[in-house]
Amino acid sequence: MTTRTFASFACTAMALLLALSSPVWAQRVKLSTSMGDVVLELDHAKAPKSVDNFVAYVKAGHYDGTVFHRVIADFMIQGGGFGSDLTEKAVRDPIALESRNGLSNVRGTVAMARTGVPDSATAQFYINVKDNLFLDQPRSRDGNGYAVFGRVVQGMEVVDKIRAVPTMARDQHPNLPSTPVIIKKATLEK
C-alpha cells in the first residue's frame with residue numbers, strides 16, 4: 001500500500017468513524033406557526049422516551065392546528081394540547097419522567113409539560129424563554145423537575161415574538177394569547 005493510498009484510506013475511515021459516532025442531536029422538528037417557523041433539535045441520547053414520544057405525536061399529526069395556550073413573557077410558551085377552539089386533544093398514555101438526564105431548562109430549550117404527578121407527560125411541551133433553572137430536577141420544589149429533550153436551533157426570534165403577544169384569562173387558561181398563536185404544522189426534518 002502506498003503512502004497516498006494509506007492516507008486516503010485513513011481519511012475515509014476517520015470520516016466514517018466520525019459519522020457513526022456523531023451525536024443523535026441530528027433529529028429535527030419544524031413547527032410552522034402563525035408567527036413563523038421554529039426548528040427544534042432533539043436529544044435522543046439523553047431523553048430517548050421524551051424524544052420518541054414527541055416524534056410519535058409529530059408523525060401522527062397531533063400538533064397540527066394546536067395553539068400555544070399558555071404564554072408567560074418572562075417564563076415560557078406552552079403548547080401541544082389544545083386545538084384552536086380550545087378543545088383538549090386526545091393523548092396516548094403518559095411517559096416516564098426523564099428529568100435526571102443532565103439537560104437544563106435554559107433559554108431556548110424545549111421540555112415536556114406535566115401535571116404534579118412526575119410520570120404524567122403526554123403531548124404538551126414548553127419552550128423556555130429565559131433560564132428557568134428552578135425547573136431542573138436538583139433545584140425543583142418537588143424534587144422531580146421537568147424533562148428537557150431538545151433545543152431551538154432556528155427561529156428563537158419567533159419564540160420571542162410569541163412570548164410578547166398580549167394574553168387574557170379564558171376558562172381554565174389564565175395566560176391565553178388574545179389572538180391565537182397556531183402551530184399550523186409540525187414536521188420531521190432530515
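Criteria and thresholds
- Residues numbered from 1 in each chain as written.
- Predicted model: local features only at pLDDT ≥ 70, side-chain atom pairs only at ≥ 80, totals over all residues.
- Heavy atoms only, no water.
- Phe/Tyr/Trp six-rings, centres within 6.5 Å; stacked < 30°, edge-to-face > 60°.
- Helix = DSSP H or I, 4+ residues; strand = E, 2+ residues; numbered from the N terminus.
- Buried < 20%, exposed > 50% of the residue type's maximum accessible area, 1.4 Å probe, protein only.
- Lys NZ or Arg CZ within 6 Å of the ring centre and 35° of its normal.
- Polar contact = N/O pair within 3.5 Å; in protein donor to acceptor, adjacent residues only side chain to side chain.
- Contact = heavy atoms within 4.5 Å.
- Salt bridge = Lys/Arg side-chain N within 4 Å of Asp/Glu carboxyl O.
- Core = buried A, V, L, I, M, F, W, Y, C linked by side-chain atoms within 4.5 Å.
- Arc of directions from axis to C-beta.

So, the packing of aromatic side chains
Within this structure, the stated rule accounts for 8 aromatic pairs. Ring centres of Phe-54 and Phe-125 lie 5.5 Å apart, and the angle between their planes is 85°; this geometry places the pair in the edge-to-face category. Here Phe-54, found in helix α2 (residues 48-59), pairs with Phe-125, found in strand β6 (residues 125-128); they are 71 residues apart in sequence, far enough to count as distant. For Phe-54, a relative accessible area of 0% puts it in the buried group. Using a relative accessible area of 0% as the deciding quantity, one classes Phe-125 as buried. Look at Tyr-57 and Tyr-63: their rings are 6.1 Å apart centre to centre, the planes differ by 55°, and that puts the pair in the tilted class. In textbook terms, an aromatic cluster arises when at least three aromatic residues are bridged by ring pairs, as seen for Phe-54, Tyr-57, Tyr-63, Phe-68, Phe-125 and Phe-149. Taking the ring centre of Tyr-57 as reference, the NZ or CZ of Arg-92 above it sits at 4.0 Å.

Side note on the side chain of Asn-132
With respect to the element layout, Asn-132 can be found in the loop between β6 and β7 (148-154). Classification of Asn-132 by relative accessible area gives buried; the value is 0%. Reaching out from Asn-132, the side chain makes a polar contact with the backbone oxygen of Phe-75 at a distance of 3.0 Å. In this view, Asn-132 contacts Phe-75 and Asn-105; residues no more than four positions away in its chain are not counted.

Points about the pattern of salt bridges
When charged atoms on two side chains of opposite charge get close, those side chains can pair. Enumeration over the complete set of coordinates arrives at 7 salt bridges. Two residues, Glu-41 and Arg-151, come together in a salt bridge whose shortest N-O distance is 2.7 Å. Of the two residues, Glu-41 sits in strand β2 (residues 36-42) while Arg-151 sits in strand β7, which places them 110 residues apart along the sequence. Owing to a relative accessible area of 8%, Glu-41 belongs among the buried residues under this scheme.

A few points about the nonpolar core
In terms of nonpolar packing, the biggest core is built from 33 residues, with Leu-40, Phe-54, Tyr-63, Phe-125, Ile-127 and Phe-149 touching the most fellow members. Considering every element that reaches this core, the biggest residue donor is α2, with 5 residues. Leave out the neighbours within four places in its chain, and Ile-127 touches Val-38, Leu-40, Met-76, Ile-77, Gly-108, Thr-109, Val-110, Val-152 and Val-159. By size, the runner-up hydrophobic cluster in this structure holds 9 residues, among which are Phe-75, Ala-111, Ala-113 and Val-148.

Some thoughts on helix α3 (residues 156-163)
Burial in α3 covers these residues: Met-156, Val-158, Val-159 and Ile-162. Projected onto a plane normal to the axis of α3, the buried residues spread over an arc of 155° and lie on a single side. As for α3, its buried residues are in contact with β1 (28-33), β2, β3 (66-72), β4 (76-83), β6 and β7.

Treat this as a map of the structure, not an account of what it does.
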